[in-house]
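The residues making up each chain are set out below.
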Amino acid sequence: MNTEKPITPETSVREAILDTPFKDNLDRRNFNAKIFNLVILLATCLAMLILGLLLWRIGEQGLPWLNWNFITSFPSRMAARAGIFSALIGSACIIILTGIIAVVLGVSAAIYLEEMSAKNRINQLIELNIANLAGIPSLVYGMLGLAVFVRFLNFGRSIMAAACTLAIMILPVIIISSREALRTVPPSIRLAALALGATKWQTTWHHVLPAAMPGMLTGIILAISRALGEAAPLILVGGVTYIAFLPNSVYDSFTTLPIQIFNWAGRPQEEFQAIAAAGIIVLLGLVLFTNGIAILIRARLEDKNRW
Amino acid sequence: MVIAAQDLTLAYGDKNIVKKVSLEVGPRTVTALIGPSGCGKSTLLRTFNRMNDFVPSFRLVDGKIMYRDLNVYSGDVDPVFIRRRVGMVFQKPNPFPSSIYKNITWGPSINGYTGDFDQLVESSLRRAALWDEVKDKLNSSGLALSGGQQQRLCIARAIAMDPDVILMDEPCSALDPASTARIEDLIGELRERYTILIVTHNMQQAARVSEHTAFMFQGELIEHAVTKQIFNAPKHKLTEDYIMGRFG
Ligand SMILES: Nc1ncnc2c1ncn2[C@@H]1O[C@H](COP(=O)(O)OP(=O)(O)OP(=O)(O)O)[C@@H](O)[C@H]1O
Ligand SMILES: [Mg+2]
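Thresholds applied
Residues numbered from 1 in each chain as written. Chains lettered and ligands numbered in written order. Predicted model: local features only at pLDDT ≥ 70, side-chain atom pairs only at ≥ 80, totals over all residues. Heavy atoms only, no water. Helix = DSSP H or I, 4+ residues; strand = E, 2+ residues; numbered from the N terminus. Rg over C-alpha atoms; globule rule 2.2 N^0.38 Å. Buried < 20%, exposed > 50% of the residue type's maximum accessible area, 1.4 Å probe, protein only. Areas by Shrake-Rupley, 256 points an atom, 1.4 Å probe, with all protein chains shown as cover. Lys, Arg positive; Asp, Glu negative; His and termini not counted. Charge placed at Lys NZ, Arg CZ, Asp CG, Glu CD. Pairing = 2+ DSSP bridges. Contact = heavy atoms within 4.5 Å. Axes fitted to C-alpha atoms, helices over the stretch in contact; angles between N-to-C directions. Buried area = accessible area lost by both parts, 1.4 Å probe. Polar contact = N/O pair within 3.5 Å; in protein donor to acceptor, adjacent residues only side chain to side chain. Patch = residues over 30% accessible without salt bridge, like charges linked within 9 Å, V, L, I, M, F, W, Y side chains within 5 Å. Salt bridge = Lys/Arg side-chain N within 4 Å of Asp/Glu carboxyl O. Domains from an automatic or database assignment. Core = buried A, V, L, I, M, F, W, Y, C linked by side-chain atoms within 4.5 Å. Near = heavy atom within 4 Å. Nonpolar A, V, L, I, M, F, W, Y, C, P; charged D, E, K, R; others polar. 1 Å grid on protein atoms, 1.4 Å probe; cavity = no way out; pocket = protein on both sides within 12 Å on 5 of 7 lines; lining within 4 Å. Points joined across faces, edges and corners; volume = space filled by probe spheres on them.

Enquirer: How do you make sense of the overall build of chain A when you look at a structure like this?
Expert: Across its full length, chain A holds twelve helices and zero strands. Scanning chain A from its N terminus toward the C terminus, one meets helices and strands in the order α-α-α-α-α-α-α-α-α-α-α-α. Taken over the C-alpha trace, chain A has a radius of gyration of 27 Å; the compact-globule value for 307 residues is 19 Å, which it surpasses by more than 25%. With the principal axes as the frame, chain A shows a C-alpha extent of 95 × 55 × 35 Å. Burial status across chain A gives 39% buried among its 307 residues. In the form shown here, chain A has an accessible surface area of approximately 17800 Å², with 69% of it arising from carbon and sulfur atoms. Averaging the positions of the 23 positive and the 17 negative side-chain charges in chain A gives two centres separated by 10 Å.

Enquirer: Any chance you could explain the sheet that holds strand S2 (residues 15–25) of chain B here in plain terms?
Expert: Residues and elements named next belong to chain B. Strand order in the open sheet made by the four strands is S2-S1-S4-S5, with antiparallel pairing throughout. Since the sheet does not close on itself, it has two edges, and those belong to S2 and strand S5 (70–71), each with one partner. In the sheet, strand S1 (residues 3–12) pairs with S2 via seven bridges, with the strands oriented antiparallel. Across the sheet, residue Ala-5 finds its bridge partner in S2, namely Leu-23. Of the strands in this sheet, S1, S2 and strand S4 (58–67) are in contact with helix H1 (residues 41–48), which crosses S1 at around 120°.

Enquirer: Teacher, can you tell me more about the interface of chain A and chain B here?
Expert: Often, the extent of an interface is quoted as the loss of accessible area on bringing the components together. At the interface, 19 residues of chain A touch 21 residues of chain B. Summed over the three residues of chain A that lose the most area to chain B, namely Ala-195, Leu-196 and His-207 of chain A, the buried surface amounts to 35% of that side. Summed over the shared surface of chain A and chain B, the number is four residue pairs in polar contact (both at pLDDT 80 or more). Contributions of two or more residues to the side of chain A that touches chain B are made by helix H8 (187–195) and helix H9 (200–229) of chain A. No other element matches H8 of chain A, which puts seven residues into the side of chain A that touches chain B.

Enquirer: Sorry if this is basic, but what is going on with a nonpolar patch on the surface here?
Expert: Residue and element names in this part refer to chain A. Nonpolar side chains collect at one region of the surface, where Leu-46, Leu-49, Ile-50, Leu-53, Leu-54 and Trp-56 lie side by side and expose about 670 Å² of accessible area between them. Here Trp-56 lies in helix H2 (residues 26–62). In this structure Trp-56 comes out as exposed when scored by relative accessible area, which is 56%.

Enquirer: Hey, could you run me through the pattern of salt bridges in this one?
Expert: As a working rule, side chains carrying opposite charge can pair if their charged atoms are close by. All names here are of chain B. All told, the structure shown has 19 salt bridges over all chains when counted by the stated rule. Of the charged contacts, one joins Arg-193 and Asp-162 as a salt bridge, the two residues approaching to 3.7 Å between their closest N and O atoms. Residue Arg-193 is located in the loop between helix H7 (177–190) and strand S8 (195–199), and its partner Asp-162 is located in the loop between helix H6 (147–159) and strand S7 (165–169); the two are separated by 31 residues in the primary sequence. Residue classification places Asp-162 among the partly exposed positions, given a relative accessible area of 39%.

Enquirer: Teacher, can you tell me more about unusual backbone geometry here?
Expert: Across the chain, the bulk of peptide bonds are trans and the bulk of non-glycine residues have phi less than zero. Residues and elements named next belong to chain B. In this model, Lys-20 sits at a positive phi of 50°, which is unusual for a non-glycine residue. The phi angle at Arg-68 is positive, at roughly 50°, despite the residue not being glycine. By secondary structure assignment, the location of Arg-68 is in the loop between S4 and S5.

Enquirer: Is there a simple way to think about the domain arrangement of chain A in this case?
Expert: Residue and element names in this part refer to chain A. Annotation of chain A at the domain level lists domain 1 (13–65) and domain 2 (68–306). Once you take the C-alpha centre of each, domain 1 and domain 2 turn out to be 34 Å apart. Facing the seven residues of domain 1 at the interface are twelve residues of domain 2. When domain 1 packs against domain 2, the two sides together hide about 710 Å² of surface, and 84% of this comes from carbon and sulfur.

Enquirer: Would you explain the nonpolar core in this entry?
Expert: General note: in soluble globular proteins, nonpolar side chains tend to be found buried as a group. All names here are of chain A. Counting 57 residues, the largest nonpolar core has Ile-170, Leu-182, Met-216, Phe-254, Leu-257 and Trp-264 as its most contacted members. For this core, the secondary-structure elements that each account for two or more residues are helix H4 (85–116), helix H6 (138–152), helix H7 (159–183), H9, helix H10 (232–237), helix H11 (257–265) and helix H12 (270–304). Ranked by the residues each element gives to this core, the list is headed by H7, at 13 residues.

Enquirer: Honestly, the site of ligand 1 in this entry has me stumped. Any pointers?
Expert: All names here are of chain B. Neighbouring residues of ligand 1: 13 residues in total, closest Ser-37, Lys-41, Ser-42, Thr-43 and His-201. Lys-41 places a polar side-chain atom, nitrogen or oxygen, 2.7 Å from an oxygen atom of ligand 1. Note that an oxygen atom of ligand 1 is positioned 2.6 Å from one of the side-chain N or O atoms of Ser-42. Contact with the protein chains removes 63% of the 630 Å² of surface that ligand 1 exposes when unbound. Here the element with the most residues in the shell around ligand 1 is H1; it accounts for three residues. For the shell around ligand 1, the class distribution of residues is four nonpolar, seven polar and two charged.

Enquirer: I'm lost on the layout of surface pockets in this one. Help?
Expert: Residues and elements named next belong to chain A. Approximately 580 Å³ is the volume found for the largest pocket. Within the residue set of the lining of the largest pocket, elements represented by two or more residues are H4, H7, H8 and H9. Within the lining of the largest pocket, the residues separate by chemical class into eleven nonpolar, three polar and seven charged.

Enquirer: Sorry, what's going on with H8 of chain A here?
Expert: Residue pairs three or four apart in sequence face the same way in an α-helix, which turns once every 3.6 residues. Ile-189, Arg-190, Ala-192, Ala-193, Leu-194 and Ala-195 of chain A are the residues of H8 of chain A that are buried. Note on H8 of chain A: the residue one or two positions beyond its end, Gly-197 of chain A, has a positive phi of about 80°.

Okay, structure coming up:
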């Protein structure tokens, strides 16, 4: 410390700050930042490496079996002739139905809880419950689906029962993420609309919902991808593995890609293991495809409204 | 009388914020609401068109708000109708994140406007002194305008509803002197058609734009008179001290 030296216009910056109570420690802080960067870089690399290994392994096994016949054939007792056509169509039907049910119910619930209802005890309780529901294992939803949709509502072991089960399963996640998205919409937009003589509903429908849509889509995409890859609850609800026809209605029996893959992977013959891998590749492609579409929609929406 | 507070007491939770305020505003005048920060100006202003309904802890403790012959807070009056007739311009410009054109037309369209929308957009923007600056980009976003332009867009949006009363809460506090001057000119023109209530912290602004001034202090209305009188010969010592900048 050089307390004697007065600060003049000629004093260097370093000298001028020597005496202040600020010890900026810039070198230490920059060093820490570098270490932190290194750690997260390593973590990312590790994750990518594991993912890459998995993909490589599956590709090596499955790619040779992956051809147009595999996609357009029904399952068979012989691996060489087996295909995933009914599973692919089943997955597609179920996921579309699931998406419609879950999005309509979930977004409505989120709007009610976030925009319309009073913030009272009962709603806080509901909120807590929804958060808890998101943590329940998917098998439990399968049992619920079996009891309620298959038996009680008499949907049978059908596409409808499967879609309802999956929809209920992803509902909590959709509600929570939609509420989060609604909360990010600036209150000033709501006030602007209300001050023009809009009803609460007009305000929500015309301004809040479009503004929250990109954020909501993120949660919806993640939830639907999860439903697409889920096998356990659907096995409980009654997915079968040998279906040699296409569904005529939502009350027909069903199979899906994950169920088919699960079945093949459990067989001892090596060929079946291989076509299971090929099935996984198709499933990955499907997930990538749905995510891609959703991301495109989100990007377009984000372009349209910005503040 | 167009709009009036009668013996009004307002509270957030248990805390009375506005106390026994009575204030009458006549047609086609500009009334400035002044007073130190936190004295309840915004709270009072927001009760005139029931925008306080959206503040959960807000309570009307006593008294009433009259808009012409309507008791604004009586159960059979639809707040949506009040807001449609009593417009509001906020402190921070808040255009919708959509086109300039839609910013103007949305309010009228949801309220069943049957006239020509193109004409409405042009006349509203002209009256808000914004037309020349935006006439070539009506379809670009309202957010792509400068702060001052955005605030004039918000004023245009409010007058497109052809309101009876316009409430303005510090409409110039986020703006530069040039934009402020433009909006003050605009208020001067708008007074020929509308009844305007404006909250401001700027004494010169109050003196320039208003015919009447009301001075509030700690939730009470201390003095309400013709602006000239408030500024030249205030009756209360408090008013004088505030106007002279001795506190607040
Ligand atoms: N939503 C709210 N909940 C509880 N108290 C509030 C709320 N809004 C304002 N208040 C309180 O009410 C009092 C008056 O606030 P108000 O916004 O009306 O003041 P103001 O006169 O407009 O001040 P300013 O000039 O700073 O805008 C303040 O003490 C403030 O803390
Ligand atoms: Mg205020």
